[in-house]
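# Examination of the molecular architecture
So you can see what is in the structure, the chains are spelled out below.
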Amino acid sequence: MGDKLGIYIHIPFCRSKCDYCDFYSLAGREKEMDRYQKALLAHMRETAPLAQGIGVDSIYFGGGTPSYYGAKRIRELLTHLHKLFQVDRDAEVTVECNPDSTDYKLLHTLRKAGVNRISLGMQSADGEELQRIHRIHTPHQTDQAVEAARKAKFVNVSLDLIYGLPGQTMDSWKATVEHALSLIPQHLSCYGLKVEEGTPLARRVAEGEVLPDEDQQADLYLWTVGRLERAGLPQYEISNFAKPGYESRHNLRYWLTRPYIGFGPGAHSDFGGRRYSFVRDLDAYIRGVLEGGDIIDASELIPQRERCGEYLMLRLRTTRGVDGQEYRNDYFMDFAPLAARLREFAAQGWAEQTGEGRWRFTPRGFLVSNQLIGDLLDRQEQADWTELIRRNRPGGAE
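Because the structure is predicted, anything quoted here is derived from the model rather than measured. (Residues numbered from 1 in each chain as written. Predicted model: local features only at pLDDT ≥ 70, side-chain atom pairs only at ≥ 80, totals over all residues. Heavy atoms only, no water.)

### Details of the pairing of strand β6 (residues 117-123)
Stated precisely, the cut-off is as follows: Exposure is judged per residue with a 1.4 Å probe applied to protein chains only, and the accessible area is read against the type maximum: over 50% gives exposed, under 20% gives buried, and values in between give partly exposed. Helix and strand assignments come from DSSP, with helices taken as H or I runs of at least 4 residues and strands as E runs of at least 2, each series counted from the N terminus. Paired strands are those between which DSSP finds at least two bridges.
The buried fraction of β6 amounts to seven of the seven residues, a majority that puts the element mostly inside the structure. Judged by which residues are buried, β6 turns out to be covered on both faces: Arg117, Ser119, Gly121 and Gln123 on one side and Ile118, Leu120 and Met122 on the other are all buried. By the bridge criterion, four bridges tie strand β5 (residues 86-97) to β6 in an arrangement that is parallel. From the neighbouring strand, Val95 faces β6, where its bridge partner is Ile118. Across four bridges, β6 lies against strand β7 (residues 157-163) in parallel orientation. Considered in β7, the bridge of Leu120 is made with Leu159.

Right under this line is the structure:
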């Protein structure tokens, strides 16, 4: 991806809030959509000069529910993005859609506006499972949405699925995956359900509702990796699977630590060596952009040492993994202590070395990746301090 830039636009509006969701999204705020559109357009005009001369190879509308925001507004945003930024002719342009707010008319308009990838929130093919998490669409609406996308000439359709849902079993999860495969997607995102603090689902669990436990989720996950590999959608990241050539540029940008600019409340950016985010408050964001005011929630310059840690943490989420020579060349750090630990992980079945010499986690390693990455980061820090002491002791400098 070189020095290309990604753009993320957060659409915080939803028709209904799902019980598990902790993203910044709001139901019942439709009256603010037009003012929010003005704020987004103004923010884009203000930001564009900072990215002058940098090609944009991915644009992603996430949420919330962008399809609920409407095709006309998304088309207007895309028109301005093309005027303000240097968008590549073959840029990946994705819009997240929910089946209940998606039809042929919307998709046809989006396709004509330049959208070439649809990410559809299917989540489950079981109507009762959807109702338990307060998803307001039906499995039939998912089928209709995919059919409409094909009719609108979308050749890149991604489906989101969740395993570990209330009441879900191995059989019902297998049925969901098989149904998803019958829709012939180019990409599947399969996320394990997480109980996020402050959500209705967290309250339900606190009140005694039982969900599939970690071991059950692990079984669902490992079966999925094998099934999708056999179906021609190999894993390329912990939760993501794609037909070759259909891996999400937007997702890979995060995991390969490439620059991106976000717009909207709660959106994050990593650009110009600085990482920053905007306030998670729709009214404050609109007011700050249109009337003047601070909309930054957090901002920090990222030193090279921290980038080194991010390289390990993010690249090891992918099946591409990490490379010792790449690590040494980019961060001037000794990879040997990490390689030794990775060999120990390999003996446990958690990691493997590819024919190209790169290290990556196995599916079983992905299940405990947080612990493994934490271990590697500790060893990285120890090696860093050891080298610093060696170089600064009398006679230690080379």
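### Overview of the packing of helix α1 (residues 33-47) against helix α3 (residues 71-84)
Here is the rule: Every axis corresponds to a line fitted to the C-alpha atoms, with the helix fit spanning only the stretch in contact, and the corresponding angles, defined between N-to-C directions, vary from 0 to 180 degrees. Note that the term roughly parallel is reserved for angles under 35 degrees, roughly antiparallel for angles over 145, roughly perpendicular for angles of 65 to 115, and oblique for everything else. Here, two residues are considered to be in contact whenever any of their heavy atoms come within 4.5 Å of each other. Each residue gets one of three labels, nonpolar for Ala, Val, Leu, Ile, Met, Phe, Trp, Tyr, Cys and Pro, charged for Asp, Glu, Lys and Arg, and polar for the others, Gly among them.
It is at 10 Å that the axes of α1 and α3 come closest, and there the two elements cross at 10 degrees. Overall, the two elements α1 and α3 adopt an arrangement that is roughly parallel. Packed against α1, whose contacting residues are Met33, Asp34, Gln37, Leu40, Leu41, Met44 and Arg45, the element α3 presents Arg73, Glu76, Leu77, His80, Leu81 and Leu84 at the interface. The class makeup of the residues in the contact of α1 with α3 is seven nonpolar, two polar and four charged.

### Some words on the environment of Tyr285
Under the convention used in this document: Polar contacts, as used here, are pairs of N or O atoms within 3.5 Å; protein pairs need one atom able to donate a hydrogen and one able to accept it. Residues neighboring in sequence count only if both atoms are side-chain atoms.
Positionally, Tyr285 belongs in helix α11 (residues 282-291). In the structure, Tyr285 is positioned 191 residues away from Thr94 in sequence and 23 Å away in space, judged by C-alpha atoms. Contact partners of Tyr285, with chain neighbours within four places excluded, come to Tyr36, Ala39, Leu40, His43, Phe263, Gly264, Pro265, Phe278, Val279 and Ile295. At 2.6 Å, the side chain of Tyr285 forms a polar contact with the side chain of His43.

### Re unusual backbone geometry
Note: most residues except glycine have negative phi, and most peptide bonds are trans. For the peptide bond that leads from Gly63 to Gly64, omega is 15 degrees, which places it in the cis range. Considering the arrangement of structural elements, one finds Gly64 in the loop between β4 (55-63) and α2 (66-69). Within the chain, Thr257 stands out as a residue other than glycine whose phi angle is a positive 55 degrees. Its location among the elements puts Thr257 in the loop between α10 (249-255) and β11 (260-263).

### Regarding the packing of aromatic side chains
Operational definition: When the centres of two rings from Phe, Tyr and Trp lie within 6.5 Å, Trp using its six-membered ring, the rings pair. Their planes under 30 degrees apart give stacked, over 60 give edge-to-face, and anything left gives tilted. When the NZ atom of lysine or the CZ atom of arginine is within 6 Å of a ring's centre and also within 35 degrees of its normal, the charge is said to sit over that ring.
Tallying each qualifying case throughout the model produces 18 aromatic pairs. Note on Phe361 and Phe366: the rings are 6.3 Å apart at their centroids and 85 degrees apart in plane angle, and the pair reads as edge-to-face. Given the relative accessible area of 2%, Phe361 is considered buried. Among the aromatic residues, those joined into a ring-pair cluster are Phe13, Tyr36, Tyr69, Tyr276, Phe278 and Tyr285. The ring centre of Phe154 lies 5.6 Å from the NZ or CZ of Arg111, which sits over that ring. The ring of Tyr104 has Lys151 lying over it, and the distance from NZ or CZ to the ring centre is 4.6 Å.

### Some remarks on the pattern of salt bridges
Where side chains of opposite charge bring their charged atoms close, a pairing between them can arise. How we decide: Just to be clear on terms, a salt bridge is a Lys or Arg side-chain nitrogen sitting within 4 Å of an Asp or Glu carboxyl oxygen.
With the rule as written, the count across this model stands at 23 salt bridges. We note a salt bridge from Arg275 to Glu300, for which the minimum N-O separation is 3.5 Å. Of this pair, Arg275 sits in strand β13 (residues 274-278) while Glu300 sits in strand β14 (residues 296-301); the two residues are 25 residues apart in sequence, bridging distant segments of the chain. You can call Arg275 buried: its relative accessible area is 19%.

### Let's talk about the nonpolar core
For clarity, the cut-off: The set of buried Ala, Val, Leu, Ile, Met, Phe, Trp, Tyr and Cys residues whose side-chain atoms join them within 4.5 Å is what this entry labels a nonpolar core.
Of all hydrophobic cores here, the largest spans 100 residues; its most connected members are Ile9, Ile59, Tyr285 and Phe361. Considering every element that reaches this core, the biggest residue donor is α1, with seven residues. The residues touching Ile59, leaving out its near neighbours within four places in the chain, are Ile7, Ile9, Leu78, Leu81, Val87, Glu92, Val93 and Thr94. Counting nine residues, the second-largest nonpolar core is a separate cluster that includes Cys18, Ile162, Leu165 and Leu193.

### Description of the packing of helix α7 (residues 170-182) against helix α9 (residues 214-230)
Let me state the cut-off plainly: With the far helix as reference, a near helix turned anticlockwise by less than a right angle produces a left-handed crossing, and one turned clockwise produces a right-handed crossing.
Look at α7 against α9: their axes get within 11 Å of each other, and the N-to-C directions meet at 30 degrees. In terms of orientation, α7 and α9 fall into the roughly parallel class. At the point where α7 passes α9, the crossing takes the right-handed sense. Every residue of α9 that contacts α7 at Met170, Trp173, Lys174, Val177, Glu178 and Leu181 is listed here: Asp219, Leu220, Trp223, Thr224, Arg227 and Leu228. Residues of the contact of α7 with α9, tallied by class, amount to seven nonpolar, one polar and four charged.

### Some points on the pairing of β7
Cut-off, in case you're wondering: Look down the strands so they point away from you; if going from the first strand over the helix to the second traces a clockwise path, that crossover is right-handed.
Taken across its seven residues, β7 has seven buried, putting it largely inside the fold. Burial along β7 is two-sided: Val157, Leu159, Leu161 and Tyr163 facing one way and Ser158, Asp160 and Ile162 facing the other are all buried. Alignment of β7 against strand β8 (residues 187-192), held across six bridges, turns out to be parallel. The partner of Ser158 across the bridge, within β8, is His187. Handedness of the crossover is the feature at issue here: the chain leaves β7, passes through α7, returns alongside β8, and the resulting connection is right-handed.

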